[in-house]
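# Structural overview for review
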Amino acid sequence: MTAFPLPPNATIGIVGGGQLGRMSAMAAARLGYRCHILTPEPDSPAGQVAAGVTLGEYEDPAALRDFALHADVVTFEFENVSAEGLDLLASLKPVRPSPAVLRVSQERIIEKTFINRAGVPTAPWAPVESESDLAAALAGVGLPAILKTTRLGYDGRGQARVATEAEAWEAYRRLLPHPLILEGVVDFACEISVVCARGADGDYAAFDVVENRHRDHILDLTFAPARIPEETAATAEAVGRRVAEALDLVGLLAVEMFVTAEGKVLANEIAPRPHNSGHWTIDACPASQFEMHIRAVAGLPLLPAARHSDAVMKNLVGPEELALWPEIVATPGLIPHLYGKAEARPGRKMGHVTRLFPKGGLPGPFGTQAALGVLGDAAL
Ligand SMILES: Nc1ncnc2c1ncn2[C@@H]1O[C@H](COP(=O)(O)OP(=O)(O)O)[C@@H](O)[C@H]1O
Ligand SMILES: [Mg+2]
C-alpha cells in the first residue's frame, strides 16, 4: 500500500522515456525521489537520468507488471500510451493522473466534447467517420477547416488544412481509415497556453499564461508572460482551472488555446502532463512545472506558481538548430537544456534554451531576436 505524501527515497514510476520524463525525473531527484521509467527505447532521454528502467512495450502485460513492481506511484509523460495498459497499472499501484483523464486527452472527439461540456468554447467541430459525416461536417463547420485524425497526433502530424470541398475529400481519402474530426480554422491573433497543477486534496496552482509561436507545426518559441490583456489572461487561467476541476485531475494539466482578434479565448487541446510551453518555468519560477508535477503525484503540498522573471524559451529542433550548440553554450545569458537524444532527425526536439528578463521586462520581437544571440535569426 502506498501512503501519501511519498516519503523520501520512494520511487515514482514514469510511463514514457522522452524529455518530459527526463525533466520530471531530474525534479524528482532534487526532492529525494527515485524514478523508474517504462519505455521501449534503449538509452532514452528519461532512462539516462533515472534510477531504473523497464524496457518494454506499453501494451505488454509482463513489462507493465515488472514496471509496477518497482514503483510506489505511477504517472505518465505523454498521452499516446495505451489506456488499457494504464488500467492494468492502476489495478496494481496508484496512477496519477487517472486512466480516465488520459482517455479524455487521447481522442480529439472525446476531448472536445468534454471541454465544451465543461462550459469552455472551442472552434466549431464535427466527427467524421464516413462520407456522409464529411458532407454534414463541411456543411456545419464550413471552410477553411482542418481535418485531423482523432488519435495519435502530435506536432501537427495527422492533420490537413483544407480550403475547398475538393481538398477536403482528397484529405479524407488520404487520412483514412482513421476516425477523423473536422475543425473550423480559427483566425487567431495568437496561441496561448496555461499549465496548472492540482493535488489530491484539490490544492491548485497555475503558472502564468504564455504565448506560443509554432514553426512547421512544431512549437518554436514561448513568451512568458503572454503579451495579452489582463482580462484575456484571466479568462485563460479560468479555463485551466475549470478543465482541471472537471477532470478531477491529480497532477499537471496544460491547456492550449487560441485568442481571436476580438479577444475571445477558444480551447484547442489539453495535455495532462508537463508541456513544452512550460519549460521556461525551470529557470523562471521557484518550482518548475516538473517539480509541481512530482509534488502533485507524490502528494506533497503545491507551491505558488508565481514567476520571479520573464522568459523566452526557444526549442532546439532538428540537426540545424542542434548544430548551433557550441555557440549556445558559449553565450552568457542563454540557459541551455539538452535531452540526450543520440540522433538529430529533422523536426525532432533535441533541447531548448531559456533566456530570462527582469519581471515586467520581456522585450518585443527585435529585443527577443537580439537576446537570443545565435538563435535570434530563427526567432522571427
Ligand atoms: N482549428 C484550428 N484553427 C487554427 N489553427 C489550428 C487549428 N487546429 C490546429 N491548429 C494549428 O496547428 C497546431 C497543432 O494542432 P493541435 O491540434 O494542437 O495538434 P497537435 O496534437 O499536433 O499539437 C496548433 O498549435 C495550431 O497552430
Ligand atoms: Mg497541440
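Up top is the structure these notes are about.
Residues numbered from 1 in each chain as written. Chains lettered and ligands numbered in written order. Predicted model: local features only at pLDDT ≥ 70, side-chain atom pairs only at ≥ 80, totals over all residues. Heavy atoms only, no water.

### Looking at unusual backbone geometry
That bond from Phe4 to Pro5 is cis: its omega, -5°, falls within 30 degrees of zero. With respect to the element layout, Pro5 can be found in the segment before strand E1 (11–15). In the Ramachandran plot, Asp43 falls in the positive-phi region, its phi being about 60° despite a non-glycine side chain. Note that Asp43 resides in the loop between strand E2 (34–39) and strand E3 (52–55). For Asp248, which is not a glycine, the phi torsion comes out positive at approximately 50°. Along the chain, Asp248 falls in the loop between helix H8 (230–246) and strand E13 (251–260). (Helix = DSSP H or I, 4+ residues; strand = E, 2+ residues; numbered from the N terminus.)

### Observations concerning the sheet that holds strand E4 (residues 73–76)
On the basis of which strands lie adjacent, the open sheet formed by 4 strands has the order E3-E2-E1-E4 and parallel pairing. Edge positions in the sheet fall to E3 and E4, since each has one partner strand and no second. Mean inter-strand twist for the sheet, computed between neighbouring axes without regard to direction, equals 25°. Of the strand pairs in this sheet, E1 and E2 are connected by 5 bridges, and their pairing is parallel. In the strand pairing of E2, Ile14 is matched with Ile37. Of the strands in this sheet, E1, E2, E3 and E4 are in contact with helix H2 (residues 61–70), which crosses E2 at around 175°. (Pairing = 2+ DSSP bridges. Axes fitted to C-alpha atoms, helices over the stretch in contact; angles between N-to-C directions. Contact = heavy atoms within 4.5 Å.)

### Examining the packing of helix H6 (residues 131–141) against helix H7 (residues 165–175)
Two measures define how a pair of helices packs: the angle their axes make with one another and the distance between the axes. Contact pair H6 / H7: the axes reach a minimum separation of 11 Å and the direction vectors enclose 145°. In this structure, H6 meets H7 at a crossing whose hand is right-handed. Contacts between H6 and H7 involve Glu131, Leu134, Ala135 and Leu138 from the former and Glu165, Ala168, Trp169 and Tyr172 from the latter. Of the residues in the contact of H6 with H7, the class split is 6 nonpolar, no polar and 2 charged. (Left-handed = near helix turned anticlockwise from the far one by under 90°. Nonpolar A, V, L, I, M, F, W, Y, C, P; charged D, E, K, R; others polar.)

### Regarding the coordination of the magnesium ion (ligand 2)
Only Glu256 (OE) and Glu269 (OE) from the protein coordinate the magnesium ion (ligand 2), and they sit 2.0 to 2.3 Å from it. Placement of the pair is Glu256 in strand E13 and Glu269 in strand E14 (residues 265–271), with a sequence separation of 13 residues. (Donors = N, O, S within 2.8 Å, 3.2 Å for Na, K, Ca; no water.)

### Describing the nonpolar core
If you look at the biggest cluster of nonpolar residues, it comprises 26 residues, and the most contacted ones within it are Ile192, Val209, Leu247, Leu253, Val255, Met257 and Ile270. Those elements that provide at least two residues to this core are helix H4 (99–106), strand E9 (188–198), H8, E13 and E14. For this core, the leading source of residues is H8, giving 5 residues. Apart from the residues lying within four places of it in its own chain, the contact partners of Leu253 are Val194, Val195, Cys196, Gly240, Val243, Ala244, Leu247, Ile270, Ala271, Pro272 and Arg273. Among the nonpolar cores identified, the runner-up in size contains 20 residues, and Ala10, Ala25, Ile37 and Tyr339 belong to it. (Core = buried A, V, L, I, M, F, W, Y, C linked by side-chain atoms within 4.5 Å. Buried < 20%, exposed > 50% of the residue type's maximum accessible area, 1.4 Å probe, protein only.)

### Things to note about the side chain of His352
Mapped onto the secondary structure, His352 falls in strand E17 (residues 349–358). Separated by 2.6 Å, the side chains of His352 and Tyr339 make a polar contact. Apart from the residues lying within four places of it in its own chain, the contact partners of His352 are Met23, His279, Ile282, Met313, Lys314, Asn315, Leu316, Ile335, Pro336, His337 and Tyr339. (Polar contact = N/O pair within 3.5 Å; in protein donor to acceptor, adjacent residues only side chain to side chain.)

### Quick look at the pattern of salt bridges
On inspection of all chains with the given rule, the structure shows 19 salt bridges. Here Glu170 and Arg174 are joined by a salt bridge, their closest N and O atoms 3.4 Å apart. Taken together, the residues Glu170 and Arg174, both in helix H7 and 4 residues apart, mark about one turn of the helix. Put simply, Glu343 and Arg345 hold a salt bridge, and the shortest N to O gap is 3.2 Å. Three or more residues joined by partner-sharing salt bridges are found here, namely Arg215, Asp220, Lys314 and Glu321. (Salt bridge = Lys/Arg side-chain N within 4 Å of Asp/Glu carboxyl O.)

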